[in-house]
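Architecture at a glance
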Amino acid sequence: MSLAKWPKIDVTADRTYPVFLGSSLEELGEYLHLQFEDVEHILVISHQIVAELYSERLKKGLLNYRVNLLTVPAGETEKSLERLAQLTTAALRCDADRKTLVIALGGGVIGDLAGFFASVFMRGIRLIQVPTTLLAQVDSSIGGKTAVNHPAGKNILGTFYPPLAVWTDFSTLESLPWEEVENGLAESIKHAIIADRSLFEFFENEEKSIKLREKSIWGEMVTRSSAVKVKIVSQDEREQGVRGLLNLGHSFGHALETEMNYRGVTHGQGVSIGIIAATHLAYAKGLMTSSEIDRVKRLLDTYGLPTVIKGQDPEALLQRMQSDKKNQGGRKILILPKGIGQAIVSKECTDLEILAAWKQVIS
Ligand SMILES: NC(=O)c1ccc[n+]([C@@H]2O[C@H](COP(=O)([O-])OP(=O)(O)OC[C@H]3O[C@@H](n4cnc5c(N)ncnc54)[C@H](O)[C@@H]3O)[C@@H](O)[C@H]2O)c1
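Predicted, not measured: the structure shown is a model, and the values here were computed from it. Residue positions are counted from 1 within each chain, in the order its sequence is given. In view of the model being predicted, local features appear only for residues whose pLDDT reaches at least 70, and side-chain atom pairs are presented and counted only at 80 or more, with totals across whole chains, interfaces and linings using the full set of residues. Excluded from the side-chain calculation are hydrogens and water; included are all heavy atoms of the structure.

1. A look at the pattern of salt bridges
What makes a salt bridge here is a side-chain nitrogen of Lys or Arg within 4 Å of a carboxyl oxygen of Asp or Glu, nothing more. For the structure shown, the criterion picks out 22 salt bridges. Close ionic contact of Lys8 with Asp10 constitutes a salt bridge, the shortest N to O distance being 3.1 Å. The rule is simple: take the accessible area with a 1.4 Å probe, protein chains only, and divide by the maximum for that residue type; under 20% is buried, over 50% is exposed, in between is partly exposed. With relative accessibility at 42%, the residue Lys8 sits in the partly exposed group. For Asp10, a relative accessible area of 29% corresponds to the partly exposed category. In this structure, the salt-bridge partner of Asp38 is Arg126, at a minimum N-O distance of 2.8 Å.

See the structure below:
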């Protein structure tokens, strides 16, 4: 038996770890057996719906282990200290100890919550990420960020806790509702804009196959988009520099989501509108041409992602950006695309310029 049969890309940061792409849930046990001889007890943390769909397949490969499944209701509000405390109680009831290994089976909420749990339970136990949403496969499972929310804001309490491995089974995406696919597409297209022009062209050329969820094209989409994230976090795991580029569209998108009270706009829709606002700002700074803006708009539109929003107050949205975590010394730090396939961090955008960009995306 050898590891070579599972295609992977390595994150080469403080510690090197593999992101397996296209492996199957049933085979994870075989990998664990090969790599971690002393594992006896496994805690699978998942959502009820994901567990119903996939835990049996996962467990097929885990027959040699003592396995407990802990499920958490769906929703962003589950990324909480209360849920963390409940998970801890449940884990102790299952006799979890320092040698227990956690498998986070789910989307970004489970990845962040179970990852945070693994990072603090008995000062840190082993963690494998098994992402089941497109967003989690191409983005949140890679890079080691974990978090829970606090009434004061999203992801206020968190750790950098890279997993031992990310185990990505593309087939889990078959059951994902299209609205959730869109959230992942927004991040994948963002990856293309900031770092991979040919991935952008892939999204332009493969519209039909992507919409039909053709297996081989989805595999390629996840692999290429994950590769962008792997490359960036390998260069800058702790977000001191280049990792910040992944925030393209997020300062605008987050302001919009909070202004709308997280109702009527999904995260992916916020990011999509945010990307367009950032492209207008980039145009004003001479970093993009108007035909490149049109290309980005067309692509997002192709995948049903919005590029404008109705009835919002640009001044109020600008005000919301005042409390962005990324601001430094009162200055707004924004990510601007430089053409298609590159991006820069800008500290030089004035409020007037940002306001003008907001006006471009409000109808
Ligand atoms: N750690 C990071 O670097 C990072 C990066 C980006 C986002 N995030 C976090 O990720 C979270 C969002 O993640 P998400 O978009 O995956 O949402 P999510 O985890 O809430 O999952 C979305 C929904 O899809 C369901 N689901 C999951 N997999 C499924 C499947 N295969 N089939 C059918 N249904 C399935 C879930 O039960 C849930 O209802 C946010 O909390 C965000 O803060 C973290």
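Moving on, there is more to tell.
2. Here's the deal with the site of the ligand
Nearness here has a simple test: a residue counts as near a molecule or strand if at least one of its heavy atoms is within 4 Å of that partner. Near the ligand there are 26 residues, and of these Glu76, Gly108, Thr132, Thr133 and Ser175 occur at the shortest range. Under the rule applied, a polar contact is a pair of N or O atoms within 3.5 Å (in protein, one hydrogen donor and one hydrogen acceptor; residues adjacent in sequence only if both atoms are side-chain atoms). At 2.8 Å, a side-chain N or O of Asp112 approaches a nitrogen atom of the ligand. The backbone of Thr172 places a nitrogen or oxygen atom 2.8 Å from a nitrogen atom of the ligand. To measure how exposed things are, a 1.4 Å probe is used in the Shrake-Rupley method; for residues, cover is taken only from the protein chains shown. Protein contact buries 86% of the 880 Å² of open area that the ligand shows by itself.

3. Thoughts on the pairing of strand β8 (residues 153–160)
A pair of strands is treated as paired once DSSP finds two or more bridges between them. For the purposes of this entry, the term helix denotes a DSSP run of H or I that reaches at least four residues, the term strand denotes a run of E that reaches at least two, and both are numbered from the N terminus. Sheet topology places strand β7 (residues 145–150) next to β8; five bridges connect them, and they run antiparallel. Bridge pairing links Thr146 to Thr159 in β8. The hairpin formed by β7 and β8 contains two residues between the paired strands.

4. Concerning the UniProt feature "binding site: NAD(+)" (unreviewed entry) in the protein
UniProt positions are given in the numbering used here, feature names are shortened, and annotations may be inferred rather than shown by experiment. Here, the residues flagged by UniProt with the feature "binding site: NAD(+)" (unreviewed entry) are Gly108, Val109, Ile110, Gly111, Asp112, Thr132, Thr133, Lys145 and Lys154. Along the chain, Thr133 turns up in the loop between β6 (126–131) and α5 (134–140). Residue placement: Lys154 occurs in strand β8. Residue class for Lys154 comes out partly exposed when judged on its relative accessible area of 27%. Contacts are assigned to residue pairs that have any heavy atoms within 4.5 Å of one another. Setting aside chain neighbours within four positions, we find Lys154 in contact with Glu76, Asn149, Tyr262 and Lys325.

5. Points about the domain arrangement of the protein
Note that the domain bounds were set by an automatic or database domain assignment. Taken as a whole, the protein is organised into domain 1 (3–175) and domain 2 (178–360). Centre-to-centre, using C-alpha coordinates, domain 1 lies 27 Å away from domain 2. Taken together, the contact between domain 1 and domain 2 spans 26 residues of the former and 29 residues of the latter. With both chains or domains summed, domain 1 and domain 2 bury close to 2300 Å², and 63% of this area falls on carbon and sulfur atoms. Counting the surface domain 1 buries against domain 2, the share from its top three residues, Leu134, Val138 and Phe160, is 26%. Put simply, Glu174 and Lys215 hold a salt bridge, and the shortest N to O gap is 3.9 Å. Taken together, domain 1 and domain 2 are joined by eight residue pairs in polar contact (both at pLDDT 80 or more). The leading source of residues in the side of domain 1 that touches domain 2 is α5, at six residues. Charged means Asp, Glu, Lys or Arg here, nonpolar means Ala, Val, Leu, Ile, Met, Phe, Trp, Tyr, Cys or Pro, and polar covers whatever is left, Gly included. A breakdown of the residues in the side of domain 1 that touches domain 2 according to their chemical character gives 14 nonpolar, six polar and six charged. Buried area: the accessible area, evaluated with a 1.4 Å probe, that two parts lose upon being put together, summed over both parts.

6. A word on the packing of aromatic side chains
Stacked, edge-to-face and tilted are the three classes for Phe, Tyr and Trp ring pairs, Trp counted by its six-membered ring, which pair at centre distances within 6.5 Å; planes under 30 degrees apart are stacked, over 60 edge-to-face, the rest tilted. For the structure on display, the rule yields eleven aromatic pairs. Summarising the aromatic geometry, the rings of Tyr31 and Phe36 are spaced 6.0 Å apart at their centres and angled 85° between planes, so their arrangement reads as edge-to-face. The exposure class of Tyr31 is buried, given its relative accessible area of 2%. With relative accessibility at 15%, the residue Phe36 sits in the buried group.

7. What about the UniProt feature "transmembrane region" (unreviewed entry) in the protein?
Taking the numbering used here, the UniProt-annotated feature "transmembrane region" (unreviewed entry) corresponds to residues 101–122. End C-alpha atoms of residues 101–122 are separated by 12 Å, and the span's content is 59% helix alongside 27% strand.

8. What about the sheet that holds strand β9 (residues 165–168)?
Pairing within the open sheet is mixed, and its seven strands lie in the order β1-β2-β9-β6-β5-β3-β4. The open sheet has two edge strands, β1 (8–12) and β4 (66–72), and neither has a second partner. In this sheet, adjacent strand axes meet at a mean angle of 20° when their direction is disregarded. Bridging between strand β3 (residues 41–47) and strand β5 (residues 101–106) involves five bridges; their strand directions are parallel. Within β5, the position partnered with Ser46 by the bridge is Leu105. Axis definition: a line fitted to C-alpha atoms, over the contacting stretch in the case of helices. Angles run 0 to 180 degrees between N-to-C directions. Along the sheet, helix α1 (residues 28–35) contacts β2 (16–21), β3, β5, β6 and β9; its crossing angle with β6, the most-contacted strand, is approximately 155°.

9. Examining the pairing of β9
Side chains Ala165 and Trp167 of β9 all project onto a buried face; the interleaved residues Val166 and Thr168 project onto the opposite face, where all are buried too. Sheet analysis places β2 next to β9, joined by three bridges and oriented parallel. In the strand pairing of β9, Leu21 is matched with Thr168. Relative to β9, β6 is paired through two bridges, and the arrangement is parallel. Residue pairing in the sheet places Gln129 in a bridge with Val166 of β9.

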